[in-house]
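# Coordinate analysis (summary)
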Amino acid sequence: MKLFHRFSQMLKERQGPLTEELRLSSTSSHGMLPDRLLPDKTSASICGYCSTGCQLHLHSKKNKPINVTASASYPVNLGAACPKGWESLSVLDSKDRGTMPLLKDVNGRQQIVSWDIALETFCSRFKSIQKLHGNESTAWIGTGQITNEDLALLGALAKFGMGWVHGDGNTRQCMASAVTAYKQTFGFDAPPYTYADLEASDTLVFVGSNPCIAHPILWQRVMRNQRHPDIIVIDPRMTETAAAASLHLPIRPKSDLTLFYALARIFIQNQWVDSDFVKNHTNDYDAFATLVESFTLERAALATGLKVSTIMNLAARIHEKTAVSFWWTMGVNQGYQGTRTAQAIINLALLTGNIGRPGTGANSITGQCNAMGSRLFSNTTSLFGGRDFQNQGDREEVAKCLKIPVARIPTKNSLAYDQILKQVDAGKIKGLWIVATNPGHSWIDQSNWLRLVRTKVDFLVVQDMYYSTETAQEADLYLPAAGWGEKLGTFINSERRLGVIEPITEPPGESRSDFDIFKSIACQWGCGDMFTEWKDPASTFQILKRLTRGRPCDISGIKDYAMLQREGGIQWPFSESHAKNGSPEKERRLFGDGSFYHPDQRARFLFESVQPPTEPPDSSYPFWLLSGRGTSAQWHTQTRTGKSPMLLQMAPAALYVELHPKDAVKLNIRHNEKVQIISRRGSVEATAKVMATVQPGQVFIPMHYQEVNRLTHPSFDSYSRQPSYKACAVQLNKVS
Ligand SMILES: Nc1nc2c(c(=O)[nH]1)N[C@H]1C(S)=C(S)[C@@H](COP(=O)(O)OP(=O)(O)OC[C@H]3O[C@@H](n4cnc5c(=O)[nH]c(N)nc54)[C@H](O)[C@@H]3O)O[C@H]1N2
Ligand SMILES: Nc1nc2c(c(=O)[nH]1)N[C@H]1C(S)=C(S)[C@@H](COP(=O)(O)OP(=O)(O)OC[C@H]3O[C@@H](n4cnc5c(=O)[nH]c(N)nc54)[C@H](O)[C@@H]3O)O[C@H]1N2
Ligand code: SF4
Ligand SMILES: [Mo]
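A short tour of the structure in this document, coming up. (Residues numbered from 1 in each chain as written. Chains lettered and ligands numbered in written order. Predicted model: local features only at pLDDT ≥ 70, side-chain atom pairs only at ≥ 80, totals over all residues. Heavy atoms only, no water.)

### Examining the nonpolar core
Keep this limit in mind: Only buried residues count toward a nonpolar core, which is a set of Ala, Val, Leu, Ile, Met, Phe, Trp, Tyr and Cys residues joined through side-chain atoms within 4.5 Å. Any residue under 20% of the maximum accessible area for its type is buried, any over 50% is exposed, and the rest in between are partly exposed; the area is computed with a 1.4 Å probe on protein chains only. Put simply, DSSP marks the helices as runs of H or I at least four residues long and the strands as runs of E at least two long, and each gets a number from the N terminus on. Every residue pair with non-hydrogen atoms within 4.5 Å of one another is taken to be in contact.
Judged by nonpolar contacts, the single largest core of 127 residues is most densely connected at Phe-122, Ile-234, Trp-328, Trp-433 and Trp-572. Of the residues forming this core, the biggest block, 9 residues, is contributed by helix α11 (residues 256-269). In this structure, Ile-234 is in contact with Val-205, Phe-206, Val-207, Gly-208, Leu-249, Ile-251, Asp-256, Leu-259, Phe-260 and Leu-314, ignoring residues within four places of it in sequence. One finds Leu-56, Trp-86, Cys-212 and Ile-504 within the second-largest nonpolar core, a separate group that totals 38 residues.

Listed below in structure tokens is the structure:
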């Protein structure tokens, strides 16, 4: 709250229209604002940071962006925005924006080159690697932060045009466990909810999720709930969200699976199960009931560090209410058993019939602005539209849709991010193309990443807005990209809502939109003919519609961008036949009729035995290290938010570590003193923040500082291959 207060003070000190109302009045005849602040152009654009998907109005004057207001009529944010949204234009204008391609010379120094040379080098180097080592010797790592149109073109170009087999994205670090969980359980990757569910719940259970910081405007939707809801937060830390909750369960890291199995057992033993729902709409309940028999309350208490009475109380509170929604984020997905943990949450919703009705659901909150779009259109793990590369029928459908020979479509799945890097280490993958992600900061176990890039990768291309990122600095070839605010396309938010992003300004220098870069590469590579129909984002959107027709994610009823803007975004599915009935409803959830996407239309109970933690604390490394989002003003590796003087003032400048007062006393560490955090892989220095937000024996660091992933332990969920960022063992020493 203090931060928000400071922020609004700062905004007040700055001149500019703050709200939609002000903007409207400013353009009225009253003329409240000085002329220099009156826009001559306004675009409506979905925010380019988090997956909440707020709509912002971007204002410019004489082609210079001057301000942002939050759209009051958009059904997501209803006039609100968080600090990142308000400051989203100020990060575009920065001296380290790439304006020209850079190519390493013989001395390893990056030198400015023309686009012609850049494109020629891109194609000749990758082609020669492929010629020598085969089509599996090159790979790309993409992102959840570019548009659907960008993602689809990249995926089609790399796999169908250039013949690559392997490509993955930073969404592996983020959503993979939720994706896998939904696919296996529901038969399709489909988060079922709509944001109105936040306002219609009697009870909201947040698991490993800190929306106050990570999805602030979703949290505002919770605050609009008029039902006096019970808000339960399951998180090892007393987060901002936990502090605002009616019940906080400070669970021991990575013990959620045991807790949820024990809860299921309580429901079954007390006959609190919605038997009709389970009988009519699910499979494998009996086997699930057998598995959870051994998860007694005592066993759960021992594993989670929670009291037996607390766990019983939690079960009763869920049982007593009819509209219970479960929400999870990275505390679940980023675990070595993330997929099964997500499914344990879904199982609970199925068991209690809390799905398909207002205020219910097993709801994964997405992370990045277009992580949801990457799930349908990146063409990495799954073939376009949630299809399967290994399925011939699926390949034929896509080939027909795109009018390409079916032989252009790989018959095998891409390797996952960590497996791509393993192949790099093994000398099998020699060329890497990184688009809109910064693994030089964000990938788990940093020293390994640097070693690979410096000693094993023959040709590294990095395509980013800024040439200064940790990753771009290592690039053999750097391609300068336009950013959000400078390009056109669509995003999909957490509740499956498609929305338009519109440019308000030109990209700097000779930087180009990702879409244009991909098109230029296609021409230079010699496969441009394949993409004649992909003229621009708007025509590509028509191709995307075709790719989804008849699929669970069908968007064929959305006419064009104008319709999306008019309707306040549209949630998938919205098919042509749906469109015949008129305008889309403002809010829609899935599974209202209890039918799921498996051929028998039933959801599956999926479960597994609980595995021990991959790197638990021991006598040499006695602390659990947690990591996550620090403030609402910081975005990931800070390449963007780090450019806003205002946002910089809202967060500590250097790495800090939250440490419990009892541990501080034991280690003789005082508040604001420097400490060294050491893991088996590396060490970092941080400022101690002595506070009871963490439990004794645990410490927390925010992910936004470059050095954090020197510490993390490279362990992965075996189904989703998502890295387990959130828990490893460290020791702490006072820096004397
Ligand atoms: N301001 C801001 N907002 C963001 C982002 C950002 O960088 N900055 N990033 C966006 C992205 S891409 C994402 S993925 C989301 C992430 O959104 P969140 O997942 O909500 O954020 P995190 O802080 O990474 O993790 C959430 C919580 O998981 C808890 N946790 C750790 N281990 C466990 C465990 O074993 N069990 C349980 N139950 N909890 C655990 C942590 O203590 C933490 O409070 O945020 C999005 N929004
Ligand atoms: N320790 C720890 N590590 C973590 C996490 C954690 O909780 N703990 N969380 C993980 C999660 S959930 C995530 S999602 C990742 C995020 O990790 P990253 O994806 O590495 O983080 P970003 O800083 O968002 O990087 C995006 C990059 O794309 C660039 N960019 C932005 N827009 C555009 C565009 O339109 N075009 C192009 N070409 N470039 C653009 C930005 O300048 C930036 O360099 O971090 C992961 N790492
Ligand atoms: S909550 Fe997310 S989408 Fe909304 S303004 Fe903030 S960063 Fe942008
Ligand atoms: Mo993420």
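### Let's talk about the site of ligand 1
Going by this rule: Being near a molecule or strand, for a residue, means having at least one of its heavy atoms within 4 Å of it. Polar contact is the term for a pair of N or O atoms within 3.5 Å; when the atoms are in protein, one must be able to donate a hydrogen and the other to accept it, and sequence-neighboring residues count only if both atoms are side-chain atoms. The Shrake-Rupley method, run with a 1.4 Å probe sphere, supplies the accessible areas, and residue values consider only the shown protein chains as cover. All residues other than Ala, Val, Leu, Ile, Met, Phe, Trp, Tyr, Cys, Pro, Asp, Glu, Lys and Arg, Gly among them, are scored as polar; the first ten of these are nonpolar and the last four charged.
Around ligand 1 there are 34 residues in total, and Ala-214, Asp-235, Lys-254, Asp-256 and Gln-634 lie nearest to it. Gln-634 is positioned such that a nitrogen or oxygen atom in its backbone is 2.6 Å from a nitrogen atom of ligand 1. In the complex, 100% of the free accessible area of ligand 1, which totals 910 Å², lies under the protein chains. Breaking the shell around ligand 1 down by element, the ones donating at least two residues are α8 (211-214), α16 (330-333) and β21 (623-628). Here the shell around ligand 1 is built from residues that sort into 12 nonpolar, 15 polar and 7 charged.

### Some thoughts on the pairing of strand β2 (residues 55-61)
What counts is decided by this rule: Two strands qualify as a pair provided DSSP detects at least 2 bridges between them.
Counting buried residues in β2 gives 7 out of 7 residues, a clear majority hidden from the surface. The two faces of β2 match: Gln-55, His-57, His-59 and Lys-61 on one face and Leu-56, Leu-58 and Ser-60 on the other face are all buried. Here strand β1 (residues 41-46) pairs with β2 via 6 bridges, running antiparallel. Bridged to Ala-44 within β2 is His-57. Where β2 and strand β3 (residues 64-70) come together, 6 bridges link them in antiparallel fashion. Residue pairing for β3: Leu-58 is matched across the bridge by Val-68. Between β2 and β3, which follow one another and run antiparallel, lie 2 residues, and Lys-62 among them has a positive phi close to 50°.

### Examining the site of ligand 3
Every residue close to ligand 3 is listed here: Cys-47, Tyr-49, Cys-50, Thr-52, Gly-53, Cys-54, Cys-82, Lys-84, Gly-85, Pro-216 and Ile-217. Of all the secondary structure elements, the ones that give two or more residues to the shell around ligand 3 are α3 (83-86) and α9 (216-223).

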